[in-house]
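# Observations on the model geometry
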Amino acid sequence: MSQFSPRVLSGMQPTGNLHLGNYLGAMLNWIKMQSTHETLYCVVDLHAITVWQEPKELRKAIRDVTAAYIACGLDPKRSIIFNQSRVHEHAELAWVFNCVARLGWLNRMTQFKEKAGKDKEKASVGLYVYPNLMAADILIYRATAVPVGEDQKQHLELTRDIAQKFNIDFADEIREQGFGDAYFPLTEPIITGPATRVMSLRDGTKKMSKSDPSDLSRINLTDSADDIARKIRKAKTDADGLPSEVKGLEARPEAENLVGIYAALAGSSVDGVLREFGGGQFSSFKNALADVAVAKLSPITEEMNRLLADSAYIENVLADGAARAGAIAAPIMHDVKKIVGLI
Ligand code: TYM
């Protein structure tokens, strides 16, 4: 038995609309874990400002993403829903982790390389230490499990490295202060389901992302039913029909992506989808996919709009969430300060 009680934390950046990748890769597992774990879901606004954000848009995006969380099925009574910057312990623990993590570890982070682009010298320092803040988000609650999409795997490995180094560096204090042989858990990444890496609808080798200049590349949770159907109809495919076995999908990224999306939306498996549609034409499969996508996503959009009309409600959720999150984080930060020798 682990000395740590099961607790989940995860987060999304308020940098525009949530899209189908966020929903299928992460949100579906977030929703499920509400019934098995204590759950904290964070809108990571401090991560958002590692690249320039227009203040007025950021303020709105924090509320929009909160509404999207709830509209997707997170229950503010069961889950703690809050924005990161309101719980100051995230930033405080991140500083301690800046002093635990090694430069060499951060230099290996592929997401920094992708986001910083060619001119690394011009990237913010925040973007570079971004993974340390992410480790702090998780470990300030001593969370044991983190449901995310495939693209966050490397960051979660770093989180484990930081936890382990902290546990080793401060082993004597941790033991003497009665915390046993480890203060932080080695958090488990939860990356499961048929769509852990949803790809662009325009290019099956690129991840679906908010920053893609083409809106046709992604389905936003705010898209209308017509937009969703149009984007799916226009999605890139190859000349062949759908194979009847998984083996035939491997070298066909666009087909693999659409089948994975269908499976995730319909609560089925890739095998199941191929049994139903294998051997058929893409056009009829795309119609079925558009139907299931609209059926699943339209109620979310509607609910989001309804929630956003009541700004006091969203404000209350965030204030209540921050108070509950802060009550867990404060004693942990206090322990960390004692362990490190700051108090
Ligand atoms: P973000 O905001 O980029 O994405 C939020 C979640 O959506 C998943 N995701 C995808 N999954 C499948 N296919 C895709 N195309 C796709 N695009 C995004 C991401 O894996 C993620 O789970 N660094 C994080 C936010 C973060 C965080 C944390 C996550 C900050 N602190 C602590 C977990 C725990 C990020 O930028 O996610």
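To keep things clear, this report deals only with the structure shown in the data block. (Residues numbered from 1 in each chain as written. Predicted model: local features only at pLDDT ≥ 70, side-chain atom pairs only at ≥ 80, totals over all residues. Heavy atoms only, no water.)

Here we take up the pairing of strand β1 (residues 7-12). Within β1, five of the six residues are buried, which leaves the element mostly enclosed by the surrounding structure. Bridging between β1 and strand β2 (residues 38-43) involves six bridges; their strand directions are parallel. Of the residues in β2, the one forming a bridge with Val 8 is Thr 39. Running through helix α1 (residues 20-33), the crossover from β1 to the neighbouring parallel element β2 is right-handed. (Buried < 20%, exposed > 50% of the residue type's maximum accessible area, 1.4 Å probe, protein only. Helix = DSSP H or I, 4+ residues; strand = E, 2+ residues; numbered from the N terminus. Pairing = 2+ DSSP bridges. Right-handed = clockwise from strand over helix to strand, strands pointing away.)

All told, the structure shown has 19 salt bridges when counted by the stated rule. Ionic pairing is found between Glu 92 and Lys 337, a salt bridge with its closest N-O pair at 2.8 Å. Taken together, the residues span a long stretch of sequence, with Glu 92 in helix α4 (residues 89-98) and Lys 337 in helix α15 (residues 311-340) at a distance of 245 residues. Asp 320 serves as the salt-bridge partner of Arg 324, at 3.0 Å between the closest nitrogen and oxygen. Here the residue Arg 324 and the residue Asp 320 both occupy positions in helix α15, the gap between them amounting to four residues, near one helical turn. Each of the salt bridges in this network shares a partner with another, and the network as a whole consists of Asp 215, Arg 218, Asp 223 and Lys 231. (Salt bridge = Lys/Arg side-chain N within 4 Å of Asp/Glu carboxyl O.)

Enumeration over the complete set of coordinates arrives at 12 aromatic pairs. Here Phe 179 and Tyr 183 contribute two aromatic rings whose centre-to-centre distance is 4.9 Å and whose plane-to-plane angle is 80 degrees, an arrangement assigned as edge-to-face. A relative accessible area of 19% places Phe 179 in the buried class. Take Tyr 183: its relative accessible area is 0%, and that puts it in the buried class. With centroids separated by 5.5 Å and ring planes inclined at 40 degrees, the aromatic side chains of Tyr 262 and Phe 285 adopt a geometry described as tilted. Of this pair, Tyr 262 sits in helix α12 (residues 253-266) while Phe 285 is found in helix α14 (residues 282-308), placing the two residues 23 residues apart along the sequence. In this structure Tyr 262 comes out as buried when scored by relative accessible area, which is 10%. Residue classification places Phe 285 among the buried positions, given a relative accessible area of 1%. The ring of Tyr 183 carries Arg 142 above its face, with NZ or CZ at 3.9 Å from the centroid. (Phe/Tyr/Trp six-rings, centres within 6.5 Å; stacked < 30°, edge-to-face > 60°. Lys NZ or Arg CZ within 6 Å of the ring centre and 35° of its normal.)

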